[in-house]
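# Analysis of the macromolecular model
What follows is the residue order along each chain.
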Amino acid sequence: MCGIVGVLGKHEAAPILVEALKRLEYRGYDSAGIATVNGGKLGRRRAVGKLVNLSDLLVHDPLPGKSGIGHTRWATHGAPSVSNAHPHQAGPVAVVHNGIVENYRELRAELAENGIDFQTETDTETVALMTEFYLKSGLSPVEAAFKTIDRLQGAFALAFLFDGRDDLIVAARKGSPLAIGHGDGEMFVGSDAIALAPLTDRITYLEEGDRAVVTRTSVEIRNEAGEIANREIRKIQLDQTRTDKGGHKHFMAKEIAEQPVVVAEAIRSYLPTGSDRVVLPDTDLDFSKLDRLTMVACGTAFYACLTAKYWFEQLARMPVEVDIASEFRYREPPITDRTLALFVSQSGETADTLAALRYCEGKADKIVSVVNVPESSIARESDLALPIHAGVEIGVASTKAFTCQLSVLLMLALKAAADRGTLDDDALADHAAALRGLPTLLNAALDQEEAIRKSAQRLSEARDVLFLGRGLMYPLALEGALKLKEISYIHAEGYASGELKHGPIALIDKHMPVVVMAPRDAVFDKTVSNMQEVMARKGKVILVSDDDGIADAKDGVWSTIRMPHAHASVAPILYSVPAQLLAYHTAVAKGTDVDQPRNLAKSVTVE
Ligand code: F6R
């Protein structure tokens, strides 16, 4: 959460910082701020709310200077307010921070004992005040920043800027990502390469515990032990960082529409043309030597894992445990050396998922991750990282990353089935054909957008919505409910349809829309019985099914959404499209901020 940037440039820093922050706004948008050094003096501008408020402020009250740092905030400690907005300044030092300083109370107490007052409720102000304290004790800016960093516990990416030091940024990374961008007589710092893409294509990723002393012409990186560390300069691919809406009204709409293409790319990368066998970059991975699979993730990625559990169990007869990372990491579950630990994350930076991965290091046989950002911490700390090829996802609500995660997980389950001999050649060919046909089906699902929009119009008037599904459609019901609540702010719950009568059916009345995800599969009749139970209590059913399903069960439903026929194994990937479009059009009808819903951020780098 939170995005940070820094620039030691040749031109005015403020517009460069604001542009870079725009590309980081997906990380939080509770407030934004910048600080620059001009004529040797630090100056700051900060505004509550989205970046546009800071841009407006800068029009009326410009901030000159060619060196600066900037921040877009997702509030952790202290409400969104100007005084809690970054950069935090204490005398001659300004600091921007992404993460949480866990021992800030202890540090605050120590500073208070030295007669130091606080102006904000944030953990970050402690960092600025501590650095000022060390500066006053006679340390140089770099020494003071380093000594402060040594005192911090928790997760952080930090950038420090100093009065009188027009050519210096000190940067540090622990737990939260940070990249250095190399220009020609200019240098940049950013939470990710996307922020820096218009400025340079030469990037150095800091590693855990690294701290960097950055000037316009040099970067000196030291590891946590204080030793000089040589970190590679990588060329980033600019097309990987394209962030325009491509003619759509929202990034989310664009990302939903991209799914046939990106899912095809994901499938092509693991299922070579002319073969029915899944090929992974690491031929070492042999599921026949494994007893168990443990999958860990958060949010939408967790629902992808929940779906994959059905695939691994049914297709590869493999015992699977699926866990939410924030629970897994503190439960201390036993992991044997015949367990494959699998982590799924779009960003590859989710703090809880990363911590869960680290818990499995040295215990599991192998650590595998399914990620969208190949340079991310989770990818780099895995024995094998499997990219999902979704491309940059900007909309805070995950869409194309979900379907690409599902596609890669299904292929992994097929590889497991082949290794363990649980599917014969014909069955493997059948699944491979279903996967290859999926992009066409996704296009057909997208063609239903107008019908979905009409159903969404009705949903937008509801206070609560239930999503029901059985078997492979159950995790999708959970995902459909999550999508709806996060962008439309309508309360929604997903349930296994068979579970309805064990409690939630008490909620059903004529005001309750119930979205039923039910392709005409082996459990269709059972789901339809549950749907009848809803309609008997006047619940308003939106049935999402194929021609056969709709023909069989449409009587009495509120509306229908027609999907093409699909092989059972790929159905959850296909039915993701109506779930996403329902949420999207409901949010549009309600006029909420689709791409940047309140209280959320794209990359959750704090616990
Ligand atoms: C919901 C959503 C979140 C993320 C979750 C994990 O639309 O996007 O629930 O799925 O925060 O994020 P990653 O996949 O980056 O680990």
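In the nomenclature of an unreviewed UniProt entry, the protein corresponds to Glutamine--fructose-6-phosphate aminotransferase [isomerizing] from the organism Ruegeria intermedia. Per UniProt, the protein has the following entry under Subunit (unreviewed entry): "Homodimer." Here the protein is described in UniProt, under the heading Subcellular location (unreviewed entry), as follows: "Cytoplasm".

Once that is clear, we can look at the environment of lysine 454. With respect to the secondary-structure elements, lysine 454 resides in helix 15 (residues 449-459). With relative accessibility at 52%, the residue lysine 454 sits in the exposed group. Residues lysine 454 and leucine 582, spaced 128 residues apart in sequence, show a C-alpha to C-alpha distance of 9.1 Å.

With that settled, the discussion passes to the site of the ligand. Taken together, the neighbourhood of the ligand is formed by 15 residues, with Ser345, Gln346, Ser347, Thr350 and Glu486 sitting nearest. One nitrogen or oxygen atom from the main chain of threonine 300 is found 3.1 Å from an oxygen atom belonging to the ligand. Compared with its free state, where it exposes 410 Å², the ligand has 89% of that area covered by protein. Put simply, the parts of the chain that give the shell around the ligand at least two residues each are helix 9 (299-316) and helix 16 (473-488). Here the shell around the ligand is built from residues that sort into 6 nonpolar, 7 polar and 2 charged.

To continue, consider the UniProt feature "domain: SIS" (unreviewed entry) in the protein. If you check UniProt for "domain: SIS" (unreviewed entry), the listed places come out as residues 283-422 and 455-597 in our numbering. Annotation note: span residues 455-597, helix share 43%, strand share 19%, distance between end C-alpha atoms 21 Å.

This part takes up the pairing of strand 9 (residues 179-182). Remember that side chains alternate between the two faces of the sheet whenever the strand is regular. Of the two faces of strand 9, the one lined by Ala179 and Gly181 and the one lined by Ile180 and His182 are each fully buried. Note that strand 9 and strand 11 (residues 202-205) share 3 bridges and pair antiparallel. Its bridge partner being in strand 11, alanine 179 is matched across the sheet by tyrosine 205. Sheet topology places strand 9 next to strand 10 (residues 187-190); 4 bridges connect them, and they run antiparallel. Paired with alanine 179 across the strands is glycine 190, a residue of strand 10. Adjacent in sequence and paired antiparallel, strand 9 and strand 10 are bridged by 4 residues, among which glycine 185 carries a positive phi angle near 75°.

Interaxial distance between helix 13 (residues 400-420) and helix 14 (residues 425-446) falls to 11 Å at its minimum, and their mutual angle equals 170°. With respect to helix 14, the axis of helix 13 lies roughly antiparallel. Of helix 14, the residues touching helix 13 (which contributes Ser407, Leu410, Met411, Leu414 and Ala418) are Leu428, His431, Leu435 and Leu438. Tallied by class, the residues present in the contact of helix 13 with helix 14 amount to 7 nonpolar, 2 polar and no charged.

Mapping lysine 50 onto the fold places it in the loop between strand 3 (41-48) and helix 2 (51-60). On the basis of relative accessibility, which here comes to 24%, the residue lysine 50 falls in the partly exposed class. Along the sequence, lysine 50 and aspartate 30 sit 20 residues apart, while their C-alpha atoms lie 6.3 Å from each other. Contact partners of lysine 50, with chain neighbours within four places excluded, come to Glu25, Tyr29, Asp593 and Gln596. Side-chain polar atoms of lysine 50 contact the side chain of glutamine 596, separated by 3.1 Å.

A complete count under the given rule lists 39 salt bridges for this structure. Put simply, aspartate 61 and arginine 45 hold a salt bridge, and the shortest N to O gap is 3.2 Å. With aspartate 61 in the loop between helix 2 and strand 4 (67-73) and arginine 45 in strand 3, this pair connects stretches of sequence that are 16 residues apart. The partner of lysine 400 in a salt bridge is glutamate 258, and the shortest N-O contact between them spans 2.7 Å. Linking lysine 400 in helix 13 with glutamate 258 in the loop between helix 7 (251-257) and helix 8 (259-270), this pair joins segments that are 142 residues apart in sequence. Both residues of the pair, lysine 400 and glutamate 258, count as buried.

What follows covers unusual backbone geometry. When glycine is set aside, most residues are seen to have a negative phi, and most peptide bonds are trans. Omega for the bond connecting histidine 86 with proline 87 falls within 30 degrees of zero, at -5°, which places this linkage in the cis form. Residue placement: proline 87 occurs in the loop between strand 4 and strand 5 (88-90). Look at glutamate 332: it is not a glycine, yet its phi comes out positive at around 55°. Secondary-structure assignment places glutamate 332 in the loop between helix 10 (325-331) and strand 17 (339-345). The phi dihedral of lysine 538 falls on the positive side, at around 70°, and the residue is not glycine. The topology assignment puts lysine 538 in the loop between helix 17 (524-536) and strand 23 (540-545).

Looking at the assigned domains, one finds that the protein contains domain 1 (3-240) and domain 2 (251-590). A straight line from the C-alpha centre of domain 1 to that of domain 2 covers 37 Å. Counting residues at the interface gives 11 residues for domain 1, matched by 9 residues for domain 2. Of the roughly 900 Å² buried where domain 1 meets domain 2, counting both sides, 51% is carbon and sulfur surface. Scanning the region where domain 1 abuts domain 2 turns up 2 salt bridges. Between the two partners, domain 1 and domain 2, sit 2 residue pairs in polar contact (both at pLDDT 80 or more).

Turning to the state of the cysteines, a few remarks are in order. This structure, assessed with the given rule, holds 0 disulfides. Cysteine 2 takes part in no disulfide bond, and the closest cysteine sulfur, belonging to cysteine 298, lies 17 Å away. Lacking any disulfide linkage, cysteine 404 is separated from the closest cysteine sulfur, that of cysteine 305, by 15 Å.

Strand order in the open sheet formed by 5 strands is 21-20-22-23-24, and the pairing between neighbours is parallel. Each edge of the open sheet is held by one strand with a lone partner, namely strand 21 (491-496) and strand 24 (559-562). When the angles between neighbouring strand axes are averaged without regard to direction, this sheet yields 20°. Here strand 20 (residues 464-469) pairs with strand 22 (residues 513-517) via 3 bridges, running parallel. Counted as the bridge partner of leucine 466 is valine 514 from strand 22. Along the sheet face, helix 15 touches strand 20, strand 22, strand 23 and strand 24 and points at about 145° away from the line of strand 24.

Rules used in this analysis
- Residues numbered from 1 in each chain as written.
- Predicted model: local features only at pLDDT ≥ 70, side-chain atom pairs only at ≥ 80, totals over all residues.
- Heavy atoms only, no water.
- UniProt positions renumbered as here; feature names shortened; annotations may be inferred.
- Helix = DSSP H or I, 4+ residues; strand = E, 2+ residues; numbered from the N terminus.
- Buried < 20%, exposed > 50% of the residue type's maximum accessible area, 1.4 Å probe, protein only.
- Near = heavy atom within 4 Å.
- Polar contact = N/O pair within 3.5 Å; in protein donor to acceptor, adjacent residues only side chain to side chain.
- Areas by Shrake-Rupley, 256 points an atom, 1.4 Å probe, with all protein chains shown as cover.
- Nonpolar A, V, L, I, M, F, W, Y, C, P; charged D, E, K, R; others polar.
- Pairing = 2+ DSSP bridges.
- Axes fitted to C-alpha atoms, helices over the stretch in contact; angles between N-to-C directions.
- Parallel < 35°, antiparallel > 145°, perpendicular 65-115°, else oblique.
- Contact = heavy atoms within 4.5 Å.
- Salt bridge = Lys/Arg side-chain N within 4 Å of Asp/Glu carboxyl O.
- Domains from an automatic or database assignment.
- Buried area = accessible area lost by both parts, 1.4 Å probe.
- Disulfide = S-S within 2.5 Å.

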